[in-house]
Amino acid sequence: MTSSPYDPPSSPSVPDNGPSLTRAEFDALFETVRTWGRWAPEQADRGAWNRVTPDHARRAAALVRTGATVPMALPWNTVPGPDNGKPALHYMSDLGDVEAAEPSCHKDFIAVDYHGKGVSHLDALSHIAYRRQLYDGRTASEVVDAAGARFGSVAALGPLVTRGVLLDLPAVLGIDWLEPGRAVHAEEIVAAEKALGVSIGEGDAVLLRSGHFRRRAELGPWNPDAASAGLHVDAMPLLAERGIALLGGDGDSDVRPSPVEGLHSPVHALAITAMGVPLLDNLDLEALSTACAEAGRHEFMLVVAPLNVPGGTGSPVTPVGVL
């Protein structure tokens, strides 16, 4: 079989992304984890972020010991590639020669179509509809139009301070990275908790490291839409039971190819649309992996402050872990 130019370098010929599910099986799973109606209508577009109280923030702050801060955002990515089909824009708009002479002023412009694989970003609850419905049963066409989202916007979320848990699967398995197409299952999450000495609890932010960006640095870019390591849908009932507030990773949380018939992003649909859990996509977790290993713990205070974009379906973001 001839590989395409977008195949992952040195990728396995058969992705370990199963077992497969039919749409009927997926729909039954969707109903199992769904939390629609849990919060009052005026709070519903914050979804699972309603679980995070001031007590969660105080407990997260108590985890800070050394004060080491670890940002998790990728550099602003203006370089096209198989994993960056819509590069971000950055250009200088004033080189000190536009306004009055003193003091001189330098300005620049940035713009981005961030819902892709090249920018670290937060997905708000308006980002994903399943069977034409957003979280809490809102009809997508009634609340999202050309002017933006009137339900589930990133502006409704605001900032989040809570306990972060890093599930560092390559560290647990003693390997450099998970190969693209490799699914992470519920039992592996439980085993990782035990190995890393953490337990996922209500209001936590769970970050899954697959080693994506270490692999990219060593072997080169590929198209993550074709193959990427991530969660199998069978992990979602466990995370729903634990009551997480936020899910993220160095991919976009979904294993690809999708194991669900006719559904390209099943974890997105389960997390965002069924559970009301926003997602953090495309995080660089390599420095956090090192910091957690050096600290001997995989829990930390996590700060997420998206841009305040009324009607926005998400936001570029730089999450920060504080140890």
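Residues numbered from 1 in each chain as written. Predicted model: local features only at pLDDT ≥ 70, side-chain atom pairs only at ≥ 80, totals over all residues. Heavy atoms only, no water.

Participant: Quick rundown of the overall build of the protein chain? Include the residues and the values.
Facilitator: Check the secondary structure of the protein chain and you find 10 helices and 15 strands. The principal-axis extents of the C-alpha atoms in the protein chain amount to approximately 65 × 50 × 45 Å. For the protein chain, the proportion of its 323 residues judged to be buried stands at 51%. Considering only intrachain contacts with a sequence separation of at least 6, the fraction spanning at least 24 residues in the protein chain is 78%. For the protein chain, the exposed surface amounts to about 14,200 Å²; the carbon and sulfur share of it is 54%. For the protein chain, the distance from the average position of its 25 positive side-chain charges to the average position of its 40 negative side-chain charges is 5 Å. (Helix = DSSP H or I, 4+ residues; strand = E, 2+ residues; numbered from the N terminus. Buried < 20%, exposed > 50% of the residue type's maximum accessible area, 1.4 Å probe, protein only. Contact = heavy atoms within 4.5 Å. Areas by Shrake-Rupley, 256 points an atom, 1.4 Å probe, with all protein chains shown as cover. Lys, Arg positive; Asp, Glu negative; His and termini not counted. Charge placed at Lys NZ, Arg CZ, Asp CG, Glu CD.)

Participant: Tell me about the environment of Ala 155, and name the residues and values.
Facilitator: Relative to the assigned elements, Ala 155 resides in helix H4 (residues 154–157). Along the primary structure Ala 155 and His 56 are separated by 99 residues, whereas in three dimensions their C-alpha atoms are 21 Å apart. Look past the residues within four positions of Ala 155 in its chain and what remains in contact with it is Asn 308, Val 309 and Pro 310.

Participant: Explain the nonpolar core to me, and be specific about the residues and the numbers.
Facilitator: Counting residues in each nonpolar core, the largest one holds 44 residues, and the members touching the most others are Phe 26, Leu 167, Ile 189, Leu 231, Met 236 and Leu 247. Where this core is concerned, the elements lending two or more residues are helix H1 (23–33), strand E7 (160–168), helix H6 (186–196), strand E9 (205–209), helix H8 (236–242) and helix H9 (266–274). Element by element, the count of residues in this core is highest for H9, at 6 residues. (Core = buried A, V, L, I, M, F, W, Y, C linked by side-chain atoms within 4.5 Å.)

Participant: Tell me what's going on with unusual backbone geometry, and back it up with residues and numbers.
Facilitator: Of note, the bond from Glu 102 into Pro 103 is cis; its omega dihedral lies within 30 degrees of zero at -15°. Secondary-structure assignment places Pro 103 in the loop between strand E2 (89–95) and strand E3 (106–111). At the junction of Arg 256 and Pro 257, the peptide bond is cis and its omega measures out at 5° in the coordinates. Here Pro 257 lies in the loop between strand E11 (246–249) and H9. Here Arg 132, not a glycine, exhibits a phi torsion of approximately 70°, which is positive. Even without a glycine there, the phi angle at Ser 253 is positive, about 80°. Among the structural elements, Ser 253 can be located in the loop between E11 and H9.

Participant: Describe the side chain of His 232, and please don't skip the residues or the numbers.
Facilitator: Position of His 232 relative to the elements: it lies in the loop between strand E10 (230–231) and H8. Among the polar contacts made by the side chain of His 232, one reaches the main-chain carbonyl oxygen of Pro 19 at a distance of 2.7 Å. Other than its neighbours up to four places away in sequence, His 232 contacts Asn 17, Gly 18, Pro 19, Leu 21, Ala 183, Val 184, His 185, Val 255, Pro 259 and Val 267. (Polar contact = N/O pair within 3.5 Å; in protein donor to acceptor, adjacent residues only side chain to side chain.)

Participant: Tell me about the confidence of the model for the protein chain, residues and numbers included.
Facilitator: Detailed reading of the predicted coordinates is not advisable wherever pLDDT is low. Across the protein chain, the average pLDDT comes to 95, with 95% of residues at 70 or higher. Within the model, pLDDT remains below 50 along residues 1–6, and this stretch shows 3 contacts once partners closer than five positions in the same chain are excluded. (pLDDT = per-residue confidence, 0-100.)

Participant: Which residues make up the sheet that holds strand E14 (residues 314–316), and what values go with them?
Facilitator: Read from one edge to the other, the open sheet built from 9 strands follows the order E1-E15-E13-E7-E9-E11-E12-E4-E14, with strand pairing classed as mixed. Looking along the sheet, the strands with just one partner apiece sit at the ends: strand E1 (69–71) and E14. Strand-to-strand twist in this sheet, taken as the mean axis angle between neighbours without regard to direction, amounts to 25°. The sheet contact formed by strand E4 (residues 121–123) and E14 spans 3 bridges and is antiparallel. Bridging from a neighbouring strand, Leu 122 pairs with Ser 315 of E14. Relative to E7, helix H10 (residues 286–295) is tilted by about 85°, and along the sheet it contacts E1, E7, E9 and strand E13 (299–304). (Pairing = 2+ DSSP bridges. Axes fitted to C-alpha atoms, helices over the stretch in contact; angles between N-to-C directions.)

Participant: Tell me what's going on with helix H7 (residues 212–219), and back it up with residues and numbers.
Facilitator: Three or more residues of H7 are buried, namely His 212, Phe 213 and Arg 215. Down the axis of H7, the smallest arc covering the buried residues is 155°, so these residues share one side. The positive-phi residue at the C-terminal boundary of H7 is Gly 220, with phi of around 100°. (Arc of directions from axis to C-beta.)

Participant: Describe the environment of Glu 31, and please don't skip the residues or the numbers.
Facilitator: Along the polypeptide, Glu 31 turns up in helix H1. Accessibility expressed as a relative area gives 45% for Glu 31, which makes it partly exposed. Along the backbone, Glu 31 and Leu 270 are 239 residues apart, and their C-alpha atoms lie at a distance of 9.2 Å. A polar contact of 3.4 Å, which involves the side chain of Glu 31, links it to the side chain of Arg 34.

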